[in-house]
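# Coordinates in review
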Amino acid sequence: MGAASSIREHLDAVAVVDHHVHGAFVEPVSRARFEFALNEASTVDLPAWDSVWDTQLGFAIRARCAPLLDLEPHADVDAYWARREELGAAEVARRLTAASGTDAWLVDVGFTEGVCTPEELAAMAGGSSHEIVRLEQVAEVAVAAGGSYAEAFRAELARRLAEPQAVGCKTIVAYRTGFVLDWSAVADAEADALADRWRDAGGLRVDDPRLLVFGIRCAIDAGVPLQFHVGFGDRDERLDHTNPMHLIDLLREHPDAPIALLHCYPFEREAGYLAQGFAGVHMDVGLAINYVGARSRSLIARSLELAPFRKILYSSDAYGPPELHLLGSRLWRDGTASVLEGFVADGDWSERDARRVATLIAADNARRLYRL
Ligand SMILES: [Zn+2]
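A few points on the structure. (Residues numbered from 1 in each chain as written. Predicted model: local features only at pLDDT ≥ 70, side-chain atom pairs only at ≥ 80, totals over all residues. Heavy atoms only, no water.)

Direction vectors running N to C along helix α10 (residues 188-200) and helix α11 (residues 209-222) enclose 130 degrees, while the axes themselves pass 10 Å from each other. Regarding the angle of α10 to α11, the classification is oblique. As for the relative orientation of α10 and α11, their crossing is left-handed in sense. Across the interface between the two elements, Asp188, Glu190, Ala191, Leu194, Ala195 and Trp198 of α10 pack against Arg210, Leu211 and Phe214 of α11. Considering only residue class, the contact of α10 with α11 consists of six nonpolar, no polar and three charged. (Axes fitted to C-alpha atoms, helices over the stretch in contact; angles between N-to-C directions. Helix = DSSP H or I, 4+ residues; strand = E, 2+ residues; numbered from the N terminus. Parallel < 35°, antiparallel > 145°, perpendicular 65-115°, else oblique. Left-handed = near helix turned anticlockwise from the far one by under 90°. Contact = heavy atoms within 4.5 Å. Nonpolar A, V, L, I, M, F, W, Y, C, P; charged D, E, K, R; others polar.)

Shown next as structure tokens:
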């Protein structure tokens, strides 16, 4: 057996830990809703002349999901949708999520509308389910509690993290303010005063930069892994303000804090630099892998530049269409196999090291970071 086939066989078989994912659609959805869920950056319907299918993601679905629905690869879009309807949403979700080969699902439960629960995901797909606590949701509970916001935030965070399924936190500060912030400590009195103002204004969506920093620093103090949405997301965020280099003041202060930079595209090189620079920083290129499709090999190769191999994680960041849960895994497996085969063929890596690093990224790094 040659080096190439052995690496690919290993990547086909290795169980992955999806360290950042959301629920899947298991109830029927309209074709319009399904297609809307395949566009990450736009927040509105596409013009009538455009199609989400004419994208790298659309082509990847037809290439890699169609065979799991008993169609030929590259089946046309109408045939794909008709077969989906024929099988039913639940069966499609079961087939696609189970084929991802996922051993553990770390589910962001911050936004759960229209998708299955973590327990339902694991029951349908196999593997175990765990939860990631959204700090902005903790803030919204704390502001509603009345009294000292700082105390209420810490109490609610401790309560959520004490639940047996909780393994870490996530912040979407990227969406609320971006990272160009004063990251210095926020005193309880300052947080309480800002929260009073926020409560008077309705207390709905936390977007005060100092309150966001307060929550992030509480999570760091709690010592749990903290995920940051970084880079690629919908157009509500200022992408240029989500370069992870803007986190450097916080990281210098907390170089060992267990942090996972999610998605990172198009800042995967900056994320790799930070992963090398700070003991606690980890990164993934999930979400972007699905959206760049046939170009994900190149993205995966860039993620294997500066970042130490024990700092790279696998995620799908799938949300909604179960095609995304499958593709995150399939594209990662195929892209990683291609990249590592190239390193071995050029004599830069041994085949044994290639298989070992693949297993680190697939699962072992996440098991260590989240203490699974
Ligand atoms: Zn996500």
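With that out of the way, let us pick up the pattern of salt bridges. Summed over the entire model, instances satisfying the criterion amount to 29 salt bridges. Among the ionic pairs, Glu341 bridges to Arg8, the shortest N-O distance being 3.1 Å. Of the two residues, Glu341 sits in helix α16 (residues 322-345) while Arg8 sits in helix α1 (residues 3-13), which places them 333 residues apart along the sequence. Classification of Glu341 as buried rests on a relative accessible area of 17%. (Salt bridge = Lys/Arg side-chain N within 4 Å of Asp/Glu carboxyl O. Buried < 20%, exposed > 50% of the residue type's maximum accessible area, 1.4 Å probe, protein only.)

With the rule as written, the count across this model stands at 14 aromatic pairs. Ring geometry for Phe34 and Trp53: centres 6.2 Å apart, planes at 25 degrees, overall stacked. Residue Phe34 is found in helix α2 (residues 31-36), and its partner Trp53 is found in the loop between α2 and α3 (56-64); the two are separated by 19 residues along the sequence. For Phe34, a relative accessible area of 0% puts it in the buried group. What makes Trp53 buried here is its relative accessible area of 4%. Arranged with centres 6.0 Å apart and planes meeting at 50 degrees, the rings of Tyr149 and Phe214 form a pair that is tilted. Placement of Tyr149 in helix α8 (residues 149-162) and of Phe214 in helix α11 is noted, with a sequence separation of 65 residues between them. Residues Tyr149 and Phe214 agree in their burial class; the two are buried. Taken together, the ring pairs in this structure connect Phe34, Trp53, Tyr80 and Trp81 into an aromatic cluster. (Phe/Tyr/Trp six-rings, centres within 6.5 Å; stacked < 30°, edge-to-face > 60°.)

Turning to the side chain of Arg176, a few remarks are in order. Mapped onto the fold, Arg176 is located in helix α9 (residues 173-176). Residues contacting Arg176, with those up to four places away along its chain left out, are Glu136, Glu140, Arg205, Val206, Asp207 and Leu212.

Here the focus is the nonpolar core. Across soluble globular proteins, nonpolar side chains show a tendency to be buried alongside one another. Counting 126 residues, the largest nonpolar core has Tyr149, Phe153, Trp183, Phe228, Leu261 and Trp332 as its most contacted members. For this core, the element with the highest residue contribution is α16, accounting for nine residues. If sequence neighbours within four positions are ignored, Phe153 has contacts with Leu135, Val138, Ala139, Ala142, Phe214, Gly215 and Cys218. (Core = buried A, V, L, I, M, F, W, Y, C linked by side-chain atoms within 4.5 Å.)

Across the sheet, which stays open at both edges, the seven strands sit in the order β1-β2-β3-β4-β5-β6-β7 with parallel pairing between neighbours. For this open sheet the edge positions go to β1 (16-21) and β7 (281-283), each flanked by a neighbour on one side alone. Averaged over all neighbouring strand pairs, the angle between strand axes comes to 25 degrees, with direction disregarded. Along the sheet, helix α13 (residues 268-277) makes contact with β6 (259-263) and β7, crossing β7 at roughly 150 degrees. (Pairing = 2+ DSSP bridges.)

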